[in-house]
Amino acid sequence: MNNVGAGVVGLLLGGAAYWVVDNVAKMEPTVEPTMVSTAADEARAFVADAEATFEELGPYAGHVFWIQANFFTHDSNWLVAKVSEEFTTLGVELAIEASRYNDVELDFDTRRKIDSLRRGLTLPAPSDPEKTKELAAITTGLGATYAAGKYCPAEGECLADIDIIQIMANSRDEAELKDVWQGWRTVSPPMREDYVRMVEIANEGSQELGFADTGALWREGYDMPADEFTAEADRLWGQVAPLYESLHCYVRDKMIDQYGEAAQTDSGMIPAHLLGNIWAQQWGNIFPLVAEGDADPGYDLTQLLVDAGYDEIQMVKTGENFFTSLGFEPMPETFWERSLFTKPQDRTVQCHASAWDIDSTDFRIKMCIDITGEDFNTIHHELGHNFYQRAYKIQTQIYQGGAHDGFHEAIGDFIALSITPNYLVQLGLLDEEPDAAADIGLLLSQALDKIAFLPFSLVVDQWRWKVFSGEVAPENYNAAWWALREQYQGVTPPVERTEANFDPGAKYHIPGNTPYMRYFLAHILQFQFHKAACDMAGWEGPVHRCSIYGNQEVGTRLNAMLEMGQSRPWPDALEAFTGTRQMDGSAILAYFEPLKVWLDAKNAGKDCGWTVS
Ligand code: X8Z
Ligand code: ZN
């Protein structure tokens, strides 16, 4: 099982503890009985055995997690807690066993797989059955609290996150925005105590496996030491921060034009409830408020989809068709039978979009689709996961994953960068391509999502890394969250926050324990992929107008990278498709270069930037 959207990636190394202990004890030697078994032989046998375990038990977890995400009940939660406990026990057993071979000289694949087993769990427990059970109960409870979370305003119906997301996307009523912003954050304070305990247990587990803390364990998943990865993330942010600051400066004034005093702060920060998104993470929804006369893309994708009468299935079919135009096989029939595309009216489901690989043949997405441009993009995002999962199924179990998790998040987004005016004309959604005068509008709209997202995606794990390392103590959880959001994003809460709040918990990936650095990396990588693909296609115009739709040569090269899964260090995969071995912000900067020039002209003479207290 490998579910990339729903925060249980760490459970992909799955199964039951008793099985492993039993199995390791009974393990057949892989060499002739007369030969002396070396440590390297044992390591190989151990890896083969672990892979057989995953193959057998992965689908079991996949089905249980799917049922819970689609039918949230006392019983499905009970089952998830049980499976989580079993998987954590298994993962810890395997990691401990793998550590025994740390100093043994091994062939490339065995070493790579052994190291991967050592890092297999997102949240390892210590080898203590009581703590393992407690951790599983806590993580299941956190997820359940989020999924069931509702804000009930004084008047009207209670609102789930998906309802508030809608309101914040469309409402321009400052009082209403503030009310629902604050209201959604009433779901998370009950998570705080459990979160503290979860951090304690997971750190104990990580330390038992030789990692400094759980954050260090996460950072070691990038084929480099944890400290080097911290520096790598800082380096990439340093490349793109000036572009973000230009966007921030421009948008801030537009917010003041729209909301007056409510948008004005002494610090120069933007109040977080005004940006069209419940977490201020992507700002595309406020495009109409920030576009000026000379920033008109000439069309609105949501409107085009609605006018053309697209329904949810047609949106997904259109996404799938992009991939098949590149030469990929269509998704199997079961994808259409078993996926969830619309929000059921009669029960609670986890609406946060996700992509699933239940058993290497059974791929699904789970999404409560609205007919919007935003969801059209998200469909491509999710399908990117599914096509990646299917491409790397040729690999053995431990290699069935993204080159790193940022690659997994980048594939569908990279494809969606090809939803250009020209492509929309080919689909028959648009009559004709707008001319070059539309470019700034197109880029501004894109930047509100892609550039605004960069500091947000950095902050989520900057916070968690500090929490796991102990640099941020529980009594400062909320203050530290806002200190980081202010520092990197230049956004500020619209109402006073204290330690009675637990605002990180109001973001899905925190209770869901999905590491978030992957999305930051994906936003850098997707532009590298796009640029490389357009170069391959011989595209000579501006890169934001390039669509690789129908280009089978690009598809073949893409497939070659996807098929590698995680069998090689990620720079090898990156090189296979782009010819470079480094993650690099220059592709995203080149894409937005005309906008940067335009923004800087608009910002001329303004006092840009913000101060943090
Ligand atoms: O969680 C997701 C995907 C599933 S992997 C829908 N995303 C992040 C988010 O919603 O916060 C995609 C962009 C960032
Ligand atoms: Zn994703």
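Keep in mind it's a predicted model, so treat the numbers as computed, not measured.

> What am I meant to see in the coordination of the zinc ion (ligand 2) here?
By definition of the ideal shapes, four donors in a tetrahedron about a metal sit 109.5 degrees apart, and six donors in an octahedron sit 90 or 180 degrees apart. Distances from the zinc ion (ligand 2) to its protein donors, namely H381 (NE2), H385 (NE2) and E409 (OE), fall within the range 2.0 to 2.1 Å. Classification of the site at the zinc ion (ligand 2) rests on its four donor atoms, whose angles at the metal span 91 to 130°, yielding the label tetrahedral. Each donor residue of the zinc ion (ligand 2) lies on the same chain, and together they follow the pattern H-x3-H-x23-E. Of this pair, H381 and H385 both sit in helix α15 (residues 373-391), four residues apart, roughly one helical turn. For H381, a relative accessible area of 12% gives the class buried.

> Where do I start with the site of ligand 1 in this structure?
Taken together, the neighbourhood of ligand 1 is formed by 14 residues, with Q281, H352, K507, H509 and Y516 sitting nearest. One of the side-chain nitrogen or oxygen atoms of H352 is found 2.6 Å away from an oxygen atom of ligand 1. It is α15 that provides the largest number of residues to the shell around ligand 1, a total of three residues. Taken together, the residues of the shell around ligand 1 break down into five nonpolar, six polar and three charged.

> Is there a simple way to think about the pairing of strand β4 (residues 363-366) in this case?
Looking along a regular strand, one sees side chains alternate from face to face of the sheet. Every second residue of β4 is oriented toward a common face, with F363 and I365 on one face and R364 and K366 on the other, all of them buried. Looking at chain direction, strand β3 (residues 354-357) and β4 are connected through four bridges and run antiparallel. Within β4, the residue paired with D357 across the bridge is F363.

> Is there a simple way to explain helix α21 (residues 517-536) in this structure?
Think of an α-helix as turning once every 3.6 residues; residues three or four places apart then point the same way. With 20 residues, α21 should cover 28 Å at 1.5 Å per step; its first-to-last C-alpha distance of 28 Å lies within 8% of that length. Along α21, the helix axis deviates most sharply at H523, where the bend reaches about 25°. Taken across its 20 residues, α21 has 18 buried, putting it largely inside the fold. Once α21 ends, the next one or two residues include G538, with phi positive near 75°.

> Looking at this structure, how should I read the packing of aromatic side chains?
Any two aromatic rings considered together are summarised by their centre-to-centre distance and by the angle between their planes. A full pass over the atoms with the stated rule returns 42 aromatic pairs. The residue whose ring lies beneath K113 is Y399, and the NZ or CZ to ring-centre distance is 4.7 Å. Above the face of the W279 ring, K507 is positioned so that its terminal group lies 4.0 Å from the ring centre.

> Explanation requested: the packing of helix α5 (residues 129-148) against helix α8 (residues 192-208) in the structure shown.
When two helices pack together, their arrangement is given by the angle between the helix axes and by the axis-to-axis distance. Running from N to C, α5 and α8 point in directions that differ by 140°, and their axes come no closer than 10 Å. With respect to each other, α5 and α8 are oriented oblique. The two elements α5 and α8 meet at a crossing, and its hand is left-handed. In this structure, α5 uses K131, E134, L135, I138, T139 and L142 to contact α8, whose residues at the interface are D194, Y195, R197, M198, I201 and E204. Among the residues forming the contact of α5 with α8, the class breakdown is six nonpolar, one polar and five charged.

> How should I be thinking about the state of the cysteines in this particular structure?
Working definition of a disulfide: a covalent bond connecting the sulfur atoms of two cysteines. For the structure shown, the criterion picks out four disulfides. One disulfide in the model links C152 with C158; its S-S distance is 2.0 Å. Because the torsion about its S-S bond is 110°, the bridge between C152 and C158 counts as right-handed. Put simply, C249 and C608 are joined by a disulfide, and their sulfur atoms are 2.0 Å apart. With the S-S bond torsion at -75°, the cross-link from C249 to C608 turns out left-handed. You can see C249 sitting in helix α10 (residues 226-259) and its partner C608 sitting in the segment after α25 (593-603), a full 359 residues away along the chain. Relative accessible area serves as the criterion here: at 35%, C608 is assigned to the partly exposed category. Looking at the protein chain, its bonded cysteines, counted consecutively from the start of the sequence, adopt the pairing 1-2, 3-8, 4-5, 6-7.

Conventions adopted
Residue numbers restart at each chain and count upward from 1, following the sequence in its written direction. Each chain is given a letter, starting from A, and each ligand a number, starting from 1, according to the order in which they appear as written. Local features in this predicted model are restricted to residues whose pLDDT is 70 or higher, and side-chain atom pairs enter the listing and the counts only when it is 80 or higher, whereas totals over whole chains, interfaces and linings include all residues. The side-chain figures draw on all heavy atoms in the structure; neither hydrogens nor water molecules are used. For Na, K and Ca the donor cut-off is 3.2 Å, and for all other metals it is 2.8 Å, counting N, O and S atoms only; because water is absent from this set, sites may look incomplete. A site with four donors is called tetrahedral when every donor-metal-donor angle falls between 85 and 135 degrees; four donors are called square planar, and six octahedral, when opposite donors sit more than 155 degrees apart and all other angles fall between 65 and 115; any other arrangement is irregular. Helix and strand labels come from DSSP, where a helix needs a run of H or I of at least four residues and a strand needs a run of E of at least two; each type is numbered from the N terminus. Buried, partly exposed and exposed residues are distinguished by accessible area as a fraction of the type maximum, computed with a 1.4 Å probe on protein chains only: under 20%, between the cut-offs, and over 50%, respectively. The cutoff for a nearby residue is simple: one of its non-hydrogen atoms must lie within 4 Å of the molecule or strand. Two N or O atoms count as a polar contact when they lie within 3.5 Å, although within protein this holds only if one can serve as hydrogen donor and the other as acceptor, and sequence-adjacent residues are included solely when both atoms are side-chain atoms. Classification convention: Asp, Glu, Lys, Arg as charged; Ala, Val, Leu, Ile, Met, Phe, Trp, Tyr, Cys, Pro as nonpolar; all other residues, Gly among them, as polar. A pair of strands counts as paired when DSSP detects no fewer than two bridges linking them. In a helix, the anticipated span is given by 1.5 Å times the number of residues less one. A residue's bend is simply the angle between two axes: one fitted to the seven residues ending at it, one to the seven starting at it. Only rings of Phe, Tyr and Trp enter the pairing, Trp through its six-membered ring, and a pair is recorded when the two centres are within 6.5 Å. The plane angle decides the type: under 30 degrees is stacked, over 60 is edge-to-face, the rest tilted. In this scheme, the term charge over a ring applies when either NZ of a lysine or CZ of an arginine sits within 6 Å of the ring centre and within 35 degrees of the ring normal. Here, axes are lines fitted to C-alpha atoms. For helices the fit covers the stretch in contact, and angles between N-to-C directions go from 0 to 180 degrees. Orientation is classified from the angle alone, with under 35 degrees giving roughly parallel, over 145 giving roughly antiparallel, 65 to 115 giving roughly perpendicular, and any other angle giving oblique. Left-handed describes a crossing in which the near helix is turned anticlockwise from the far one by less than a right angle; the clockwise case is right-handed. By definition in these notes, contact holds between two residues if any of their heavy atoms fall within 4.5 Å. Two cysteine sulfurs form a disulfide in these notes if their separation is within 2.5 Å.

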